[in-house]
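# Results of the structural survey
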Amino acid sequence: MTLSPAVTQLCHNSEDVFLDVCKLLLTYADNILRNPNLEKYRSIRIDGPTFSTKLLPISGAVECLFEMGFKEADTHLVFPTSASVETLKAVRDSIAAERDQRLPGRPSVTLMATAESQRSSGQPVSSLPAQPKSLQTSGSDLLMTLQSNSRHVLLYENPTLQQKARSCVPCGRLSAAAERKLKVAKEVDSDCRLGKEDFLVLELLHWFKYDFFSWVDCLPCSHCGGQTQNTGSLSPTTEDLHWGAQRVEKHQCQSCQRSTRFPRYNNPEKLLETRRGRCGEWANCFALCCRALGLEARYIWDSTDHVWTEVYSVSQRRWLHCDSCENACDKPLLYEVGWGKKLSYIFAFSKDQVVDVTWRYSCKHSEVLSRRTSVQEAWLLHTIIGLNASRQQSVSADRKRKLSERLVVELVEFICPKTPKAGELGGRMSGSLGWRTARGETGDADARNGKQNAGFVFTLTEKEKQDKRLHVSYNASKDQYCRVSNDLEVLHSWEGCLWEKESVFRKVENDWQMVYIARTEGSSAGRISWKFDFAPSELTIKSVSIKASSQTFNSGKVSWLLLSGLTKAHLVGDGSMQSFQSLKGSSELMVTAQLSGGDGDTAWQHSQIFRQSLKETGLSCFEVLVDLQDVER
């Protein structure tokens, strides 16, 4: 009989451990099979002692529960009423039949859970093997990284520095916006479990990227303002070293040949003043801003050369991935799936602890394990536990208990099956095309060709269905959609509501204070589309009015097309509202813009849509107004 992956993994444990956990798993399954209608047998607490000490530390145990049909739901694993009892019985029988088999499993998460369980319960941590001599060099490098980042994040806890950060952040405006959006979310969904802090994180990310910090590929010449190239490094001054800039880039002007210094500051206090850099500076300063606003945040270091932030959501009881460079929140598979990164080690650093969070950012655990060859897993675990024990010497018992409970929930998340979301499929947007290409972060094969199915479809809310009207607008300077017909519901990010995009991106020109959507550099054509589906509401189009704006230069072209069933219509795209009666009777609508043409190296800039001043926060550059009617029978 062919074993399932979870049962195969379970068989890797020693005989005693295997038999003990089998007894527990079979009890869970048999209770449901004997009493299918009793609710108490369908739920397992994941923060209880049985789960954290007898299931979670055992390789394959929780995976077997998932294969049986259990689903994660807040503080419990639940066997839904819709789950297949036949599947549960098949996994149960497989476990019972294969108790004596032993096959290889997945070590790292199990080791972490076992050791954390021992440490939090006061038991001595099991003896772990020393680092082999052949790995001592790489182990030393990794240890230095763990130690230096663990020390660095303590800067974020300085009250004076936090106050300085708060003076830079428009706290009142962001807080008020978060309150408004939370209110709208709860009105739309009475079961909404989000909190104000969740919306505050989104507001802070948007403000940080578009109003506060700026990306640096090469600085403009400090003498003539011309374009420069990175031609090497310069010696840091005493002032540079004071602010943690051990590396200084030399940006040489292509016109006057003079050089401009670009110190890579590592002190977040200095970054509050310079407000520029690459991902290192962005994540460093953003983490400080999060802590200054009272958000529990940690700095994330990735061995494949990227850094970002995580913020703890109290209402959701989990850590949220936050990348300030990309204005991305809760898209952990962005790097592996979207950018095409080959991940190996990712660590989270906070004032309380260090956590190996690699598994949150991967849906290809076996591939990641094959690349984790720098150190032994047991050595890494022992090192992290030692760092945490030292850091938590002065932490209260209540805080230690809370950290341990969080880690248990986090480890369950790590081993839960993951499926990429639409927002995680695109390549990197921050940085120049050459820089992103050199780093291999433009995405997979389809993404490198620019094609990405975002997959968002506008369907009607109950209010829109009742009013028989859909009204959506987009403001490029705010980078947000407003669903006017649904009590001014706000949706962030230009790509968050797209049906499809191909070779297009949102360009922000901080020097000219302009923003627009254009083709990606090097592409000959770009395409973007929005989809509206009214069929589920049993309504059809009565009339459509659309406003779209586009601007071209030289030989650049923008073509707008409306598709509704078999009917096509062309949109001028001059910023005026156009009405279309010919689409009447259809239950769907597609709005598409095709960008092409242009001359020379900057041809990609010669066809633009939604060009708008960053100061025009009250004007929409795209509107779709659809009046609806009942289906004619």
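Everything discussed here concerns the structure shown above.
What counts and what doesn't
Residues numbered from 1 in each chain as written. Predicted model: local features only at pLDDT ≥ 70, side-chain atom pairs only at ≥ 80, totals over all residues. Heavy atoms only, no water. Helix = DSSP H or I, 4+ residues; strand = E, 2+ residues; numbered from the N terminus. Expected span 1.5 Å × (residues − 1). Buried < 20%, exposed > 50% of the residue type's maximum accessible area, 1.4 Å probe, protein only. Pairing = 2+ DSSP bridges. Polar contact = N/O pair within 3.5 Å; in protein donor to acceptor, adjacent residues only side chain to side chain. Axes fitted to C-alpha atoms, helices over the stretch in contact; angles between N-to-C directions. Parallel < 35°, antiparallel > 145°, perpendicular 65-115°, else oblique. Left-handed = near helix turned anticlockwise from the far one by under 90°. Contact = heavy atoms within 4.5 Å. Phe/Tyr/Trp six-rings, centres within 6.5 Å; stacked < 30°, edge-to-face > 60°. Lys NZ or Arg CZ within 6 Å of the ring centre and 35° of its normal.

## Topic: helix H16 (residues 377–391)
The terminal C-alpha atoms of H16, which comprises 15 residues, lie 21 Å apart, in line with the 21 Å expected from a rise of 1.5 Å per residue. The buried fraction of H16 amounts to eleven of the 15 residues, a majority that puts the element mostly inside the structure. Buried within H16 we find Glu377, Ala378, Trp379, Leu380, Leu381, Thr383, Ile384, Ile385, Leu387, Asn388 and Arg391.

## Points about the pairing of strand E17 (residues 480–483)
The two faces of E17 match: Gln480 and Cys482 on one face and Tyr481 and Arg483 on the other face are all buried. With four bridges joining them, strand E16 (residues 469–475) and E17 adopt antiparallel strand pairing. Within E17, the position partnered with Asn475 by the bridge is Gln480. Where E16 folds back onto E17 in an antiparallel hairpin, the turn is made up of four residues, including Asp479, whose phi is positive at roughly 55°. Note: E17 against strand E18 (residues 489–492), four bridges, orientation antiparallel. Note on E18: the bridge partner recorded for Tyr481 is Leu491. Where E17 folds back onto E18 in an antiparallel hairpin, the turn is made up of five residues, including Asp487, whose phi is positive at roughly 55°.

## Brief notes about the environment of Tyr210
Within the secondary structure, Tyr210 is located in helix H10 (residues 196–212). The spatial distance from the C-alpha of Tyr210 to the C-alpha of Asn327 is 8.9 Å, given a sequence separation of 117 residues. Polar side-chain contacts of Tyr210 include one of 3.1 Å to the side chain of Arg506.

## Considering the sheet that holds strand E5 (residues 228–234)
Taken in spatial order, the three strands line up as E5-E6-E7 in an open sheet, and their pairing is antiparallel. Where the open sheet ends on each side, the last strands, each with one partner, are E5 and strand E7 (259–263). Adjacent strand axes in the sheet meet at a mean angle of 30°, parallel and antiparallel pairs treated alike. Direction of pairing for E5 relative to strand E6 (residues 248–253): antiparallel, over a ladder of five bridges. Its bridge partner being in E6, Gln229 is matched across the sheet by Gln252.

## Details of the packing of helix H9 (residues 171–188) against H10
Viewed as axis vectors pointing N to C, H9 and H10 meet at an angle of 130°, and their least axial separation amounts to 8 Å. Accordingly, the angle class assigned to the pair H9 and H10 is oblique. As for how H9 packs across H10, the hand of that crossing is right-handed. Of the residues in H10, those touching H9 at Arg173, Leu174, Ser175, Ala177, Ala178, Glu179, Lys181, Leu182 and Ala185 are Lys196, Phe199, Leu200, Glu203, Leu204, Trp207 and Asp211.

## Some remarks on helix H13 (residues 279–292)
An ideal rise of 1.5 Å per residue puts 20 Å on 14 residues; H13 measures up with 20 Å between its terminal C-alpha atoms. Of all 14 residues that make up H13, 13 are buried, and the element is covered over most of its length. Gly294 sits one or two residues past H13 and shows a positive phi near 85°.

## Focus on the sheet that holds strand E2 (residues 71–73)
The strands that make up a sheet pair up through hydrogen bonds in the backbone, lying either parallel or antiparallel. On the basis of which strands lie adjacent, the open sheet formed by three strands has the order E1-E3-E2 and antiparallel pairing. Taken across any chain shown, the strands that pair with only one partner, and hence form the sheet edges, are strand E1 (43–45) and E2. Looking at each pair of strands side by side, their axes are set apart by 30° on average, direction ignored. Inspection of the sheet shows E1 paired to strand E3 (residues 76–78) by three bridges, in the antiparallel sense. When the sheet's bridge partners are listed, Arg45 is paired in E3 with His76.

## Quick notes on the packing of aromatic side chains
The full count for this structure, using the stated rule, is 28 aromatic pairs. Aromatic side chains Phe212 and Phe213 sit 6.2 Å apart centroid to centroid with 40° between the ring planes, which places their arrangement in the tilted category. Look at Phe213 and you get buried, because its relative accessible area is 3%. Ring-pair connections join several aromatic residues into one group, and the members of that group are Trp207, Phe208, Phe212, Phe213, Trp215, Trp282 and Phe286. Against the face of Trp319 rests Arg298, its NZ or CZ located 3.9 Å from the ring centre. Just above the ring of Trp499 sits the side chain of Lys531; from NZ or CZ to the centre is 4.2 Å.

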